[in-house]
Amino acid sequence: MIYDCVIIGAGASGLYCAARLLSSKALNAAVIDSGSRPGRKLLMTGGGRCNLTNRSIDISGYYTDDKDRLSHILSSHGSEESIRFFTDEIGLSLSFENDLVYPSTYRASTVLDSLLLYLKEHDCRFIFDTPVSDVSYEDGLYILNSDIKAKTVVLATGGASYPETGSNGSFTELLRSFQGINITPLSPSLVPLRTAEKDIFALSGKRVKCSLELYSDKKMQEFVAKSKGEMLFTDYGISGICVLDISGYAIRAVRAGQKPAIKAVLCDEDKVHYNLSRFTDRTVADALSGILMSELVSVLLDRAGIDKNRTVSGLNDREKEKVIESVKEMKLTVTGSRSFDQAQVTTGGVDLSSLNEDLSVPGNNGLFICGESLNCDGICGGYNLQFAWSSADLVSKGVIRCLS
Ligand SMILES: Cc1cc2nc3c(=O)[nH]c(=O)nc-3n(C[C@H](O)[C@H](O)[C@H](O)COP(=O)(O)OP(=O)(O)OC[C@H]3O[C@@H](n4cnc5c(N)ncnc54)[C@H](O)[C@@H]3O)c2cc1C
């Protein structure tokens, strides 16, 4: 049998690509996956709730080698087009939380089941437990693993994060025989960070609302990125969505040999001033206990070199200043990150700039790439799934053009 199109990867981008393809034309298409089940990572998204897109995506929230190309991909099929396809064509009901979009059931399995039902209705074939380890081109056909033949092939193999879901970075090997593609080395992103400061390890499991500023150096002269939200202390450093959002920048800085530093603004400075002038009979720790959790206050006062049991009235002006400086913001030095096992996405991959505009491989009529195998990753909040949908849609149009 010769397939019109074989899609390698039954993840978010591969399934969406198949759905877009079959929605516009009846084709003999198959989706191949190394695992025994489709959409393993999709089921984990949004903590199992699947934040499937964001209605006000800002291109500055993505890292990529080519922002113009990215802009073209996102504008040709953006969040509104994806929302329309999911609701009108697939029959998935959605809920909107400000800009964030979820299935109304708040279950990622509903998104997966809806996509699979649609693909079944459109006669899509599935081939599981089949890792593709070789793609070659002979006599106008692509040959996969020396026995599966197709006129067009879509590589939707994901990145290298959460490898137990099947995305293990194997696409770099698959592409090795195709010339002219540049692959930016893969590294983890949206990933918890390791810090040099060990005093916070004792706070493991505790959370604090804060705003973060990332600088490229310890002296905090060159601002890189900022974020806001809940930071989670761990026994190796920090995590939480606001940390994940700046992690890509931090990892790049570490890789460039810099020592990136984070300024975590923990509370309103005015409140610290007020409590220190109003509750002078209290110990310093008690005066601050209504502003920040006591364990965190202890760490910050240790850093300031002030005994937490001293009374506020006993502090001189210099010591009070030290307390205020230390408590209002916490300084952290990033030394690295957790591994791919804990990274929500992969940064790096096939450079957008090394592909044709329709995401086909130059000089290889009919070979396309979509999803996280491409060098594009975004912040939390539906950015990554939207890139999966958008790039998959663009590829589906390229496949149709190629076959006609
Ligand atoms: C815990 C977690 C939570 C997340 N939450 C969100 C969220 O809420 N919103 C959001 O926008 N993004 C989220 N993401 C990111 C999002 O899930 C990914 O960006 C998206 O799944 C990428 O889709 P993909 O199709 O490119 O890759 P994947 O979904 O990883 O699919 C790749 C598929 O290819 C298969 N494959 C790989 N190599 C081969 C091979 N050689 N042969 C055959 N098959 C192969 C794999 O088995 C896999 O099924 C989250 C990620 C994680 C890990």
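Predicted, not measured: the structure shown is a model, and the values here were computed from it.

So, how was this worked out
- Residues numbered from 1 in each chain as written.
- Predicted model: local features only at pLDDT ≥ 70, side-chain atom pairs only at ≥ 80, totals over all residues.
- Heavy atoms only, no water.
- Pairing = 2+ DSSP bridges.
- Helix = DSSP H or I, 4+ residues; strand = E, 2+ residues; numbered from the N terminus.
- Axes fitted to C-alpha atoms, helices over the stretch in contact; angles between N-to-C directions.
- Contact = heavy atoms within 4.5 Å.
- Buried < 20%, exposed > 50% of the residue type's maximum accessible area, 1.4 Å probe, protein only.
- Domains from an automatic or database assignment.
- Buried area = accessible area lost by both parts, 1.4 Å probe.
- Salt bridge = Lys/Arg side-chain N within 4 Å of Asp/Glu carboxyl O.
- Polar contact = N/O pair within 3.5 Å; in protein donor to acceptor, adjacent residues only side chain to side chain.
- Nonpolar A, V, L, I, M, F, W, Y, C, P; charged D, E, K, R; others polar.

## Points about the sheet that holds strand E12 (residues 193–195)
Line of reasoning, step 1. Strand order in the closed barrel made by the 6 strands is E12-E15-E14-E13-E16-E17, with antiparallel pairing throughout. Averaged over all adjacent pairs, the angle separating strand axes in this sheet is 45°, with direction ignored.
Line of reasoning, step 2. When strand E13 (residues 207–215) meets strand E14 (residues 223–233), the two strands line up antiparallel, connected through 9 bridges. What sits directly across from Lys209, in E14, is Glu230.
Line of reasoning, step 3. Sitting on the sheet, helix H6 (residues 241–255) touches E12, E13, E14, strand E15 (237–239), strand E16 (261–265) and strand E17 (329–337), and the angle it makes with E14 is about 135°.
Line of reasoning, step 4. In the packing of helix H9 (residues 294–304) onto the sheet, the strands contacted are E13, E14 and E17, and the crossing angle to E17 comes to about 95°.

## Considerations on unusual backbone geometry
Line of reasoning, step 1. In this model, Tyr106 sits at a positive phi of 55°, which is unusual for a non-glycine residue.
Line of reasoning, step 2. Given the relative accessible area of 25%, Tyr106 is considered partly exposed.
Line of reasoning, step 3. Positive phi, close to 45°, is recorded for Leu190, a residue that is not glycine.
Line of reasoning, step 4. For Leu190, the position within the fold is in the loop between strand E11 (183–189) and E12.
Line of reasoning, step 5. On the basis of relative accessibility, which here comes to 2%, the residue Leu190 falls in the buried class.

## Quick look at the domain arrangement of the protein chain
Line of reasoning, step 1. Parsing the protein chain into structural domains produces domain 1 (2–186 + 343–403) and domain 2 (192–338).
Line of reasoning, step 2. Put simply, the middle of domain 1 and the middle of domain 2, counted by C-alpha atoms, are 40 Å apart.
Line of reasoning, step 3. Domain 1 puts 7 residues into the contact, and the matching count from domain 2 is 7 residues.
Line of reasoning, step 4. Roughly 680 Å² is buried in total at the junction of domain 1 and domain 2, and carbon and sulfur atoms are behind 53% of that figure.
Line of reasoning, step 5. In terms of surface lost to domain 2, no three residues of domain 1 exceed Tyr63, Thr347 and Cys380, which account for 64% of the buried area on that side.
Line of reasoning, step 6. Counting across the interface, domain 1 meets domain 2 through 0 salt bridges.
Line of reasoning, step 7. For the pair domain 1 and domain 2, the number of links is 4 residue pairs in polar contact (both at pLDDT 80 or more).
Line of reasoning, step 8. Looking at the side of domain 1 that touches domain 2 residue by residue, the classes come out as 3 nonpolar, 3 polar and 1 charged.

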